[in-house]
Amino acid sequence: MTVDPTPVLRVTDLTTRFNTQDGTVHAVNGVSFDLADGEVLGVVGESGSGKSVTMMSLLRLIPTPPGEILAGQAIFEGDDLLSMDLGDLRKVRGGKVGFIFQDPMTSLNPVVTVGDQIVESLAVHQPGRRKAMRLRALELLQLVGIPSPEERLRCYPYELSGGMRQRVMIAIALACNPKVLVADEPTTALDVTIQAQILELVKGLREKLGMAVIWITHDLGVVAGLVDRVLVMYGGQIVEDAPVDEFYAQPRHPYSQGLLASLPSATSRGDKLVNIQGQPPDLRSAPASCSFAPRCPHAFDRCDRENPVLAAVSATRKVACWLDEVPVLVGAQSDETAKGQVGHGR
Amino acid sequence: MLWFIGRRAAIAVPTLVAISFIIFAILDLAPGDPTSHLPLTIPREVREQIRESMGVNDPFLVKWLLWVKQVMIHEPISLIEQLFNVQIGSGERTRVISWQSRGPVVETIAERLPQTTWVMGLAFVFGILIAVPVGVISAYKQYSVFDQIGTFVSMVGYSVPTFFTGLLAIVIFSVKLGWFPSYYDTTLEVTDWSSFVAQIKQIVLPVGVLSMFNAAALSRFTRSSMLDNLSEDYVRTARSKGLKEKRVLVRHVLRNSLIPVVTLIALQVPGIFAGALITEQIFRINGIGHLLISSIHGGDIPMVQTLSFLIAALTVLFNLVADVVYGMLDPRIRYD
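Residues numbered from 1 in each chain as written. Chains lettered and ligands numbered in written order. Predicted model: local features only at pLDDT ≥ 70, side-chain atom pairs only at ≥ 80, totals over all residues. Heavy atoms only, no water.

**With respect to a nonpolar patch on the surface**
Residue and element names in this part refer to chain B.
Turning to step 1, where the next piece is worked out: On the surface, Val 125, Phe 126, Leu 129, Ile 130, Val 145, Ile 149, Phe 152, Val 153, Val 156 and Met 212 cluster together to form a nonpolar patch covering roughly 910 Å² of accessible area.
Turning to step 2, where the next piece is worked out: Looking at the nonpolar patch element by element, the count peaks at five residues for helix H5 (residues 145–159).
Turning to step 3, where the next piece is worked out: Mapped onto the secondary structure, Phe 152 falls in helix H5.
Turning to step 4, where the next piece is worked out: A relative accessible area of 58% means that Phe 152 is categorised as exposed. (Patch = residues over 30% accessible without salt bridge, like charges linked within 9 Å, V, L, I, M, F, W, Y side chains within 5 Å. Areas by Shrake-Rupley, 256 points an atom, 1.4 Å probe, with all protein chains shown as cover. Salt bridge = Lys/Arg side-chain N within 4 Å of Asp/Glu carboxyl O. Helix = DSSP H or I, 4+ residues; strand = E, 2+ residues; numbered from the N terminus. Buried < 20%, exposed > 50% of the residue type's maximum accessible area, 1.4 Å probe, protein only.)

The following block contains the structure:
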């Protein structure tokens with residue numbers, strides 16, 4: 001995959017907090033990344049690592065209050081999404097950046113027909129005659145592979161299966177030919193065969209339409225088959241940024257290693273699954289040290305004093321870790337010693 | 001849907017018969033004598049004859065069935081005759097006769113109904129017009145100053161009874177300020193501008209008090225329904241499509257939030273006809289509520305029975321209407 005060198009989206013130092021009754025939750029802490037034109041970027045991490053909040057912050061879709069975007073820039077086509085006025089941002093939402101959400105069961109309005117929900121998006125960004133927009137909606141349903149689309153246009157969401165609803169969500173997100181498609185765990189709520197279908201669909205659509213895709217997931221198998229580059233998030237920060245093949249061959253951050261090691265394997269039978277010991281970090285205090293340090297098998301004193309910054313370790317990779325040379329675990333799944341190392345913590 | 005309505009209407013008939021039995025039985029057990037307000041000089045035997053002629057001494061079942069026949073068959077036919085100026089059959093049939101006025105109860109009810117529907121209907125409409133916007137804004141700006149004030153006012157409005165707010169309004173606006181009359185004059189006919197102004201003036205206080213009371217509960221209900229829907233995923237989807245906030249709110253959130261609210265509103269419609277028992281007393285509106293109270297005082301059992309039954313029948317009817325409206329607003333509800 002050749003990647004255009006000028007990014008379509010450049011995010012710098014994005015910081016989002018939630019001011020809740022229990023205190024301030026530091027959900028996203030200084031996240032920076034680039035998204036190249038036509039690139040598929042996978043964002044992985046545990047629940048609560050800030051993947052979704054990061055992406056929703058970009059379009060300011062987090063509820064404010066309690067959410068608050070404290071700092072950062074998100075340059076999209078030369079303009080900062082985080083500081084532009086709401087009217088301009090609305091042109092980007094749905095027009096240039098399409099969003100697919102996790103749960104297709106609840107993400108569609110239950111009392112509005114599928115056709116009207118697609119047309120609604122068209123009416124905002126590409127207003128035209130109603131008939132023409134209906135026709136475009138029909139075309140979109142065909143594009144996402146919905147059988148007998150004429151009938152489906154008049155259906156209510158409850159009349160469709162989960163997979164079909166997610167296809168409708170994709171049709172809505174793609175309605176106005178966006179430059180970027182953000183997919184927030186779009187297959188999590190679906191069963192495995194439907195997951196595969198949706199994955200294939202997005203793959204095909206990306207090749208056909210050429211938009212960049214940000215795919216949020218916690219399924220590393222999905223990442224391997226779909227994405228060009230991986231961002232690993234932990235505790236509201238990006239801890240590793242690597243091309244997908246290099247990431248699988250040689251994860252650099254101890255957390256990435258742990259993630260890969262915990263994948264169940266087809267070759268080692270009867271063993272207990274490997275896990276990363278400990279709990280995800282409490283985000284109620286601002287990170288002053290490496291947030292992974294308490295769970296890291298390689299942690300040393302500097303990790304408790306300073307929070308590592310995301311730094312380039314090669315032309316294509318960035319890692320946020322104080323270890324100069326992280327022990328390399330090649331083929332984490334088959335290596336018994338690697339499992340032991342990562343699994344036991346400290 | 002038609003099948004559903006037909007089935008529900010069919011079920012309504014035995015329901016109404018059962019209701020009529022309960023109402024009739026309870027009131028029949030109540031102490032009271034139709035001759036008690038006649039002069040004491042009437043001899044005992046004559047009194048007994050009057051009772052006999054009124055059918056008071058008939059067995060309970062006979063009295064009940066006769067009444068059911070009169071209320072459910074004779075009165076509707078008479079009503080149709082009057083409305084369309086036709087004669088059905090011989091035109092001779094027994095009617096439910098008031099013990100007080102000695103005339104058919106239905107005619108008295110028809111006299112009283114306009115005052116009640118006029119005041120209650122306006123209060124109902126204004127109540128909705130106030131409650132829905134207040135509920136929507138309160139939910140959208142949750143915990144804002146507007147929401148806090150709205151919450152306070154509706155809590156007060158709901159918990160303070162209308163006989164208090166009504167009297168308070170009379171004391172302030174009629175006695176102290178002299179802006180509005182303290183009672184509702186039902187003999188006033190609107191013929192010209194000044195009588196129209198007088199009509200508006202006398203209706204302000206009762207309608208105001210009642211619509212505040214209606215709005216209080218309804219706005220709370222709208223608010224909580226809005227809050228439930230505002231946090232739904234599809235609202236985020238709507239925003240992610242680039243829709244304006246107003247459209248997100250009206251087309252997506254409000255449309256879903258109104259489903260339970262409209263049901264509640266439909267269930268309140270019988271109240272328009274049933275009248276306000278207490279408020280009508282305070283403002284001296286001689287409507288249905290007033291009629292019911294005075295009939296209870298006067299021991300006019302046929303009137304009380306018929307009024308109670310009419311209110312019950314309307315409640316059954318609007319329950320059905322609420323279900324139908326619910327099905328029309330929410331495509332997920334299927335009745336077949």
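**A few points about the pairing of strand S4 (residues 67–76) of chain A**
Residue and element names in this part refer to chain A.
Turning to step 1, where the next piece is worked out: In the sheet, strand S1 (residues 7–20) pairs with S4 via eight bridges, with the strands oriented antiparallel. By the bridge assignment, Arg 10 is partnered in S4 with Ile 75.
Turning to step 2, where the next piece is worked out: Across two bridges, the pairing between S4 and strand S5 (residues 79–80) is antiparallel. Across the sheet, residue Ile 75 finds its bridge partner in S5, namely Asp 80.
Turning to step 3, where the next piece is worked out: Connecting the antiparallel pair S4 and S5 is a turn made up of two residues, with Glu 77 showing a positive phi of about 50°. (Pairing = 2+ DSSP bridges.)

**Notes on the side chain of Ser295(B)**
All names here are of chain B.
Turning to step 1, where the next piece is worked out: Relative to the assigned elements, Ser 295 resides in helix H11 (residues 288–297).
Turning to step 2, where the next piece is worked out: Assessed through its relative accessible area of 1%, Ser 295 is described here as buried.
Turning to step 3, where the next piece is worked out: A distance of 2.7 Å separates the side chain of Ser 295 from the backbone oxygen of Leu 291, its partner in a polar contact.
Turning to step 4, where the next piece is worked out: Setting aside anything within four residues of it in sequence, one finds Ser 295 in contact with Gln 100, Asp 300, Met 303 and Val 304. (Polar contact = N/O pair within 3.5 Å; in protein donor to acceptor, adjacent residues only side chain to side chain. Contact = heavy atoms within 4.5 Å.)

**Comments concerning the domain arrangement of chain B**
When the parts come together, some accessible area is lost, and that loss is often what is quoted as the size of the interface.
Residues and elements named next belong to chain B.
Turning to step 1, where the next piece is worked out: When its domains are assigned, chain B resolves into domain 1 (17–84) and domain 2 (113–329).
Turning to step 2, where the next piece is worked out: If you average the C-alpha positions of domain 1 and of domain 2, the two centres end up 35 Å apart.
Turning to step 3, where the next piece is worked out: At the junction of the two partners, domain 1 supplies nine residues and domain 2 supplies eight residues.
Turning to step 4, where the next piece is worked out: Among the residues domain 1 hides against domain 2, the three largest losses belong to Ile 23, Leu 27 and Trp 67. Together they make up 51% of the total.
Turning to step 5, where the next piece is worked out: The interface formed by domain 1 and domain 2 holds zero salt bridges in total.
Turning to step 6, where the next piece is worked out: Connecting domain 1 to domain 2 are zero residue pairs in polar contact (both at pLDDT 80 or more).
Turning to step 7, where the next piece is worked out: At six residues, the largest contribution of residues to the side of domain 1 that touches domain 2 is made by helix H1 (residues 2–29).
Turning to step 8, where the next piece is worked out: Its residues assigned to classes, the side of domain 1 that touches domain 2 shows seven nonpolar, one polar and one charged. (Domains from an automatic or database assignment. Buried area = accessible area lost by both parts, 1.4 Å probe. Nonpolar A, V, L, I, M, F, W, Y, C, P; charged D, E, K, R; others polar.)

**A few points about the packing of aromatic side chains**
Turning to step 1, where the next piece is worked out: With the rule as written, the count across this model stands at 16 aromatic pairs over all chains.
Turning to step 2, where the next piece is worked out: For the pair Tyr156(A) and Tyr158(A), a centre-to-centre distance of 6.4 Å together with 25° between the ring planes defines the contact as stacked.
Turning to step 3, where the next piece is worked out: Judged by relative accessible area, Tyr156(A) falls into the partly exposed class, the value being 22%.
Turning to step 4, where the next piece is worked out: By way of ring pairs, the aromatic residues Phe21(B), Phe24(B), Phe60(B), Trp64(B), Trp67(B) and Phe309(B) are connected into one cluster.
Turning to step 5, where the next piece is worked out: The ring of Tyr183(B) has Arg284(B) lying over it, and the distance from NZ or CZ to the ring centre is 4.7 Å. (Phe/Tyr/Trp six-rings, centres within 6.5 Å; stacked < 30°, edge-to-face > 60°. Lys NZ or Arg CZ within 6 Å of the ring centre and 35° of its normal.)

**Some details on the sheet that holds strand S12 (residues 318–319) of chain A**
Residues and elements named next belong to chain A.
Turning to step 1, where the next piece is worked out: Across the sheet, eight strands lie side by side as S6-S7-S8-S3-S9-S10-S12-S11; this open sheet has mixed pairing. Pairing within the sheet leaves two strands with one partner each, and these edge strands are strand S6 (97–100) and strand S11 (311–312).
Turning to step 2, where the next piece is worked out: Note that strand S3 (residues 40–44) and strand S8 (residues 212–217) share five bridges and pair parallel. Paired with Leu 41 across the strands is Ile 214, a residue of S8.
Turning to step 3, where the next piece is worked out: Along the sheet face, helix H6 (residues 162–174) touches S6 and strand S7 (180–184) and points at about 165° away from the line of S6. (Axes fitted to C-alpha atoms, helices over the stretch in contact; angles between N-to-C directions.)

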